[in-house]
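# Descriptive structure summary
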Amino acid sequence: IDLVTTYTAAAIARDGRAEVVTLGYRMTSIPTVVVLTEDGTFLVGDPAERRATSSPERLAREFKRRVGDPTPLLLGGTPVSVDRLLAEVLGFVHRTVAQTEGGPSPPSATRGASTAAAPRLSIPAPCGALRNVRDRRRIVPFLGSRRTR
């Protein structure tokens, strides 16, 4: 998973080669944006951008720049941590790839038995805070959220 400030993309390993996965509507990348709807549901990527036209106060963009900052962003008046926003994007990408590839990763892959199905995060050099293992672990608990669409 390549999570950048403005767009996010993903690839899978197939036959020893990297193959880029379609994440958005016929696109290989999605905007790195999140909207918190009135009912508490998070929208990610293209649906979030569409919703933001009618509810711009509920939109978060370019939040990756704030990794390590404990101050939450206010989305429609609700405080949301940067960790949670990153987890929503990463969770969306992981679920999308799993669905595209025929279902969720087998449980053994998530326990380390097979690294082929385990998601890996590309961390650009300027994003030093995420390089710290402790900071990455703060994001992991949010990845299983059922409230994300």
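Coordinates for the structure precede this section.
Residues numbered from 1 in each chain as written. Predicted model: local features only at pLDDT ≥ 70, side-chain atom pairs only at ≥ 80, totals over all residues. Heavy atoms only, no water.

## Things to note about the sheet that holds strand 1 (residues 2-3)
To be explicit about the condition: Strand pairing is defined by DSSP finding a minimum of two bridges between the two strands. In this description a helix means any DSSP run of H or I spanning at least four residues, a strand means any run of E spanning at least two, and both kinds are numbered starting from the N terminus.
In space, the three strands of this open sheet follow the order 1-2-5, with antiparallel pairing throughout. Each edge of the sheet is formed by a strand with only one pairing partner; in this case those strands are strand 1 and strand 5 (29-31). Inspection of the sheet shows strand 1 paired to strand 2 (residues 7-9) by two bridges, in the antiparallel sense. Paired with D2 across the strands is A9, a residue of strand 2.

## Some remarks on the sheet that holds strand 6 (residues 33-36)
Here is the rule: For every element, the axis is a line fit to its C-alpha atoms; helices are fit only across the contacting stretch, and the angle between N-to-C directions ranges from 0 to 180 degrees. Contacts: residue pairs with any heavy atoms within 4.5 Å of one another.
Strand order in the open sheet formed by three strands is 7-6-8, with antiparallel pairing between adjacent strands. Unpaired on one side and paired on the other, strand 7 (42-44) and strand 8 (59-61) mark the two borders of the sheet. Neighbouring strand axes in the sheet, compared pairwise and without regard to direction, differ in orientation by 20° on average. Here three bridges tie strand 6 to strand 7, and the two strands are oriented antiparallel to one another. Looking at strand 7, one finds that V34 is bridged to V44. Contacts between helix 2 (residues 82-100) and the sheet are confined to strand 6, strand 7 and strand 8, with strand 7 contributing the most and set at about 60° to the helix.

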